[in-house]
Amino acid sequence: MSRHPITIKDIARILNISVSTVSRALKNHPDISDATKKAVQEMARELNYRPNEIALSLKNRRSKIIGIMVPKLVHHFFSSVIEGVENVAYDSDYQVMIYHSDELVEREIQLTQSFMSYRLDGLVVSMSKETKDFGHFDKLAQLGVPIVYFDRVPEGDYNKILFDDYQGAYDAVKHMIECGCRKIVHFGASTTMDIGLKRQNGYLDALKDAGIEANESLIVNCDSYECALIQTEKILQSVPDLDGVFAVNDLTAIGTIKQLQKLGKSIPQDVKVMGFTNEISSAIYSPSLSTVDQQGVQMGEEAAKLLLKNMDGIKRAQVKTISANLVIRESTCKLN
């Protein structure tokens, strides 16, 4: 014969004390004596008592669910951020629901509209490439859903977890210059995105500080593997003495290496190539790719921690920036 789940009423009846006393004893309330706390806690263990999480979430008006929206699930960086969010969320007894916009602002808007009928306690977001107006997120926040942005973020007073894209790009190009590069192409993202602008500025400042004059023809809007296959051949035709390529992400860098090799160039002897992100593929491709580690897991963990703080009532917007770290492999050079 099955029995109902143990409740605090059962513990109160067995110990002949009030339900409120049991509740406060389980919460370690200072008004309850140590002897009573010990008796209640021992009985709870003996009866295998577990709090009713559904009832608690209803009482606290919380679903114990947080969401994370990313532009793409296939990229290692975004999957790493998801891992970081889950690490913190699960330790705090939260479940994580994962959504992706597929780089489409229309889909992003549809998702935020559907969130209005969900009982999400909070949301971690990286916006799509198409997103220029983020009013759909503002509407969600106005309904009381805390939001923390990461990587691709809106301008203004919002909770953000950023990566030091400028310093990462600066350090990457400085490393290439120290390896002997003088004609370095930048395959970059659109500068309408903050990360694209910061990485381009890091590239330009590294050249300037080394006394190398920047050439606008060496800055190409190209941020995908497929684009790199096309643009590498074009840029090599116009700049045959090209000796370096700094790509905005690792997949673009890998496409660049593949096409350079097809065109008879040796990596890194003829052309040195640097990526950005530290995808899994960057370590196993041949030659292995030098890159900037974007530390996605740490970014996800920091985003989840900040979100939980906001869900607990800390409303002041905060911004945290994660430092850049170079990973030097075979596609550039080892410096003494």
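Residues numbered from 1 in each chain as written. Predicted model: local features only at pLDDT ≥ 70, side-chain atom pairs only at ≥ 80, totals over all residues. Heavy atoms only, no water.

1. Structural notes on the overall build of the protein
- Each helix and strand counted, the protein has 13 helices and twelve strands in total.
- Relative to its length of 336 residues, the protein is extended, with a C-alpha radius of gyration of 26 Å against a globular reference of 20 Å.
- Classification of the 336 residues of the protein by burial places 48% in the buried group.
- Nonlocal contacts in the protein, meaning residues at least 24 apart in sequence, comprise 73% of its contacts between residues at least 6 apart.
- Carbon and sulfur atoms form 49% of the exposed surface of the protein, whose accessible area is close to 17,000 Å².
- With 39 positive and 43 negative side-chain charges, the protein shows a separation of 7 Å between the mean positions of the two kinds. (Helix = DSSP H or I, 4+ residues; strand = E, 2+ residues; numbered from the N terminus. Rg over C-alpha atoms; globule rule 2.2 N^0.38 Å. Buried < 20%, exposed > 50% of the residue type's maximum accessible area, 1.4 Å probe, protein only. Contact = heavy atoms within 4.5 Å. Areas by Shrake-Rupley, 256 points an atom, 1.4 Å probe, with all protein chains shown as cover. Lys, Arg positive; Asp, Glu negative; His and termini not counted. Charge placed at Lys NZ, Arg CZ, Asp CG, Glu CD.)

2. Let's talk about the sheet that holds strand β11 (residues 319-322)
- Read from one edge to the other, the open sheet built from six strands follows the order β2-β1-β3-β4-β5-β11, with strand pairing classed as parallel. The sheet terminates laterally at β2 (95-100) and β11, the two strands that pair on one side only. Within this sheet the neighbouring strands show an average axis-to-axis angle of 15°, counted without direction.
- Sheet topology note: the strand β3 (residues 122-125)/strand β4 (residues 147-150) ladder contains three bridges and is parallel. Paired with valine 125 across the two strands is tyrosine 149, which belongs to β4. (Pairing = 2+ DSSP bridges. Axes fitted to C-alpha atoms, helices over the stretch in contact; angles between N-to-C directions.)

3. Points about helix α10 (residues 225-238)
- Its 14 residues place the ends of α10 20 Å apart at the C-alpha level, agreeing with the 20 Å of an ideal helix rising 1.5 Å per residue.
- Those residues of α10 that sit buried are Cys227, Ala228, Gln231, Thr232, Ile235 and Leu236. (Expected span 1.5 Å × (residues − 1).)

4. Looking at the pairing of strand β1 (residues 65-70)
- The buried fraction of β1 is high, at five of six residues.
- By the bridge criterion, six bridges tie β1 to β2 in an arrangement that is parallel. Paired with isoleucine 65 across the bridge in β2 is glutamine 95.
- Once the chain exits β1 it traverses helix α5 (residues 76-91) before rejoining the sheet at β2, and the crossover so formed is right-handed.
- Bridge count between β1 and β3: four bridges; the pairing is parallel. The residue of β3 that forms the bridge with methionine 69 is valine 125. (Right-handed = clockwise from strand over helix to strand, strands pointing away.)

5. Concerning helix α2 (residues 19-26)
- Of all the positions in α2, only Thr21, Val22 and Ala25 are classed as buried. For α2, the angular spread of the buried residues around the axis is 100°, confining them to a single face.
- If you follow the buried residues of α2, they end up packed against α1 (8-15) and α3 (34-46). (Arc of directions from axis to C-beta.)

6. Side note on the state of the cysteines
- Counted by the stated rule, this structure contains two disulfides.
- Each sulfur of the disulfide joining cysteine 179 and cysteine 333 lies 1.9 Å from the other. As the torsion about the S-S bond is roughly -90°, the cysteine 179-cysteine 333 disulfide counts as left-handed. Within this pair, whereas cysteine 179 is found in the loop between α8 (165-178) and β6 (184-188), its partner cysteine 333 is found in the segment after β12 (325-327), the two being separated by 154 residues in sequence. This pair shows no difference in class: cysteine 179 is buried, exactly as cysteine 333 is.
- Between the sulfur atoms of cysteine 222 and its disulfide mate cysteine 227 the distance is 2.5 Å. (Disulfide = S-S within 2.5 Å.)

Without other data, these values stay purely geometric and don't point to any function.
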